[in-house]
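# Descriptive structure summary
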Amino acid sequence: MSQPLRVLFVCLGNICRSPLAEVVVKSVAQEQGLLDQFHFESAGTGSWHVGGGADPRSASKALEKGLSLEKHQAQQITRRNIGNWDIFVAMDSDNRRNLIAMGAKPEQVVMMRAFEGAAQAPDVPDPYYGGASGFEDAYQMLKLNAQGLLQYLQQCKQHSC
Ligand code: 4NP
């Protein structure tokens, strides 16, 4: 078995969207017996929440769906650690732009919502300042794209992206 592909889910704060994306995609990968092909983590482009837990609204959304963010510890992606990852899964176009500015190659960055058939992938909107429905919406978007993303990541592993 080759080395696991190192995949980082990225949002702004690493407390709402990307931690939820990480556990949603991990659970689908586990259901499909794909977990040992990948190393999944998540990070934010901002530093505000480093070392802290997931936003309680994301954590309870995860629990409601049979997942857990109990052990999540927010971390930051920077120029210094960007070389630790093969692929970045960006929640929105700002995240994508920031990753490329830090030195990620454009072909290393995939949009989380790239698998819905839209000509240009929409953002997973930031639910941080909104109400509870934003977290359910985010969950549905993540779940909808998880299978397509895993197929894409398997292709990345076999050939390249
Ligand atoms: P996330 O949401 O990027 O989905 O984790 C946010 C969390 C915190 C902040 C912004 C967005 N903040 O400004 O602290």
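Everything that follows concerns the structure shown earlier in this document.
Attention here is on the structure that accompanies the text. (Residues numbered from 1 in each chain as written. Predicted model: local features only at pLDDT ≥ 70, side-chain atom pairs only at ≥ 80, totals over all residues. Heavy atoms only, no water.)

Time to look at the site of the ligand. Near the ligand you find Cys11, Leu12, Gly13, Asn14, Ile15, Cys16, Arg17, Trp48, His49, Asp126, Tyr128 and Tyr129, and these make up its full shell. In the environment of the ligand, an oxygen atom lies 3.0 Å from a nitrogen or oxygen atom belonging to the backbone of isoleucine 15. With respect to the ligand, the side chain of tyrosine 129 contributes an N or O atom lying 3.5 Å from an oxygen atom. Here the ligand loses 93% of its free accessible area of 350 Å² to cover by the protein chains. Here the residues of the shell around the ligand sort into 7 nonpolar, 3 polar and 2 charged. (Near = heavy atom within 4 Å. Polar contact = N/O pair within 3.5 Å; in protein donor to acceptor, adjacent residues only side chain to side chain. Areas by Shrake-Rupley, 256 points an atom, 1.4 Å probe, with all protein chains shown as cover. Nonpolar A, V, L, I, M, F, W, Y, C, P; charged D, E, K, R; others polar.)

Computed from the structure, the largest pocket encloses a volume of approximately 240 Å³. As for the largest pocket, its lining consists of 14 residues, of which Glu22, Val23, Lys26, Ser68 and Leu69 are closest to the centre. With 4 residues, helix H1 (residues 17-31) is the largest single contributor of residues to the lining of the largest pocket. Classifying every residue of the lining of the largest pocket gives 3 nonpolar, 6 polar and 5 charged. (1 Å grid on protein atoms, 1.4 Å probe; cavity = no way out; pocket = protein on both sides within 12 Å on 5 of 7 lines; lining within 4 Å. Points joined across faces, edges and corners; volume = space filled by probe spheres on them. Helix = DSSP H or I, 4+ residues; strand = E, 2+ residues; numbered from the N terminus.)

Right, let's talk about the state of the cysteines for a bit. Applying the stated criterion across every chain yields a total of 1 disulfide. Considering cysteine sulfurs only, cysteine 16 is the nearest to cysteine 11, which forms no disulfide, with 7.0 Å between them. The class for cysteine 16 is buried, based on a relative accessible area of 4%. (Disulfide = S-S within 2.5 Å. Buried < 20%, exposed > 50% of the residue type's maximum accessible area, 1.4 Å probe, protein only.)

The next subject is the sheet that holds strand S3 (residues 87-90). Strand order in the open sheet formed by 4 strands is S2-S1-S3-S4, with parallel pairing between adjacent strands. The open sheet has two edge strands, strand S2 (38-44) and strand S4 (109-111), and neither has a second partner. When the angles between neighbouring strand axes are averaged without regard to direction, this sheet yields 25°. Alignment of S3 against S4, held across 3 bridges, turns out to be parallel. Considered in S4, the bridge of alanine 90 is made with methionine 111. In the packing of H1 onto the sheet, the strands contacted are strand S1 (5-11) and S2, and the crossing angle to S2 comes to about 165°. (Pairing = 2+ DSSP bridges. Axes fitted to C-alpha atoms, helices over the stretch in contact; angles between N-to-C directions. Contact = heavy atoms within 4.5 Å.)

Quick look at helix H4 (residues 133-158) now. For H4, spanning 26 residues, the distance from its first C-alpha to its last is 38 Å, which sits close to the expected 38 Å at 1.5 Å a residue. The principal kink in H4, of about 40°, is found at alanine 146. (Expected span 1.5 Å × (residues − 1). Bend = angle between axes of the 7 residues up to and from the residue.)

In short, the description is geometric, and any link to function would need to be established separately.
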